[in-house]
Amino acid sequence: MSIRRLLDTTDLFAALPAEALAELRDRAVVRSYARNEVLIRQGEPAEDLFIIDHGRIAIAQQAGDGRESVVAVLEDGGLFGELSLFDDAPRSADARALTDSTVVVLSYEPVRAVLRAQPELLWVIVRLLAGRLRATDEALADAVFLDVPARTAKRLLELAGSRDRFA
């Protein structure tokens, strides 16, 4: 997939005017990662966001005792690393390539410049973050109300549905 098509179809950028998209495309960098390679680490300072061109990336949080909880598995077109764009906080999770993967990396600064110039575009981001919050609420409810086999079955059905979208 080209950088142009990837940015043009990513929820965060799809509503941007053509000139803003062109500027972001000029600043984007393509990077490749091997299976099991770590892209970002929880707690590190953040300066970039990532869009998956192809591959599969696990987003996981680490407990103090070394346990890991995978909170998301993202595939082609998936966006991650954008939270710190808005709050300047360190990375909230690790991102690791589950397969050989190629991502588009975009520094926060040109994105912030576009948003400063056109603050109405922040509504796109509000919708994106609200969707993620709803998904988190659903996952929390599932953890409370469903037993492990039911949660596993639900997740397998979700994964099967996402595969249909990418087939």
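About the thresholds
Residues numbered from 1 in each chain as written. Predicted model: local features only at pLDDT ≥ 70, side-chain atom pairs only at ≥ 80, totals over all residues. Heavy atoms only, no water. Helix = DSSP H or I, 4+ residues; strand = E, 2+ residues; numbered from the N terminus. Polar contact = N/O pair within 3.5 Å; in protein donor to acceptor, adjacent residues only side chain to side chain. Contact = heavy atoms within 4.5 Å. Axes fitted to C-alpha atoms, helices over the stretch in contact; angles between N-to-C directions. Parallel < 35°, antiparallel > 145°, perpendicular 65-115°, else oblique. Nonpolar A, V, L, I, M, F, W, Y, C, P; charged D, E, K, R; others polar. Phe/Tyr/Trp six-rings, centres within 6.5 Å; stacked < 30°, edge-to-face > 60°. Buried < 20%, exposed > 50% of the residue type's maximum accessible area, 1.4 Å probe, protein only. Pairing = 2+ DSSP bridges.

Asker: I'd like to hear about the side chain of Arg 112, residue by residue, with values.
Answerer: Turning to its location among the elements, Arg 112 is positioned in helix H5 (residues 108–117). Only 3.3 Å separates the side chain of Arg 112 from the backbone oxygen of Ser 84, close enough to count as a polar contact. For Arg 112, the residues in contact, after removing those within four places along its chain, are Ser 84, Leu 85 and Asp 88.

Asker: Just give me the short version of the packing of helix H3 (residues 18–27) against H5, but keep the residues and values in it.
Answerer: Between H3 and H5, the least distance of the axes is 10 Å, while the angle of their chain directions is 170 degrees. Overall, the two elements H3 and H5 adopt an arrangement that is roughly antiparallel. Here H3 contributes Ala 20, Leu 24 and Arg 27 to the contact with H5, which in turn contributes Pro 110, Val 111 and Val 114. Of the residues that constitute the contact of H3 with H5, the class distribution is 5 nonpolar, no polar and 1 charged.

Asker: I'd like a description of the packing of aromatic side chains, backed by residues and values.
Answerer: Within a pair of aromatic rings, the relevant descriptors are the distance that separates the centres and the angle that separates the planes. Here the structure, examined in full by the defined rule, presents 1 aromatic pair. Geometrically, the ring pair formed by Phe 50 and Phe 80 is stacked, given 5.0 Å between the ring centres and 5 degrees between the ring planes. Taken as a pair, Phe 50 in strand S3 (residues 48–54) and Phe 80 in strand S6 (residues 79–80) lie far apart in primary sequence, 30 residues in all. Both residues of the pair, Phe 50 and Phe 80, count as buried.

Asker: Go over the sheet that holds strand S8 (residues 101–107) with me, naming the residues and quoting the values.
Answerer: Across the sheet, 4 strands lie side by side as S1-S8-S3-S6; this open sheet has antiparallel pairing. The open sheet has two edge strands, strand S1 (29–33) and S6, and neither has a second partner. As judged from the 6 bridges shared by S3 and S8, these two strands associate in the antiparallel manner. Note on S8: the bridge partner recorded for Asp 48 is Ser 107. Contacting S3 and S8, H5 runs over the sheet at an angle of about 55 degrees to S8.

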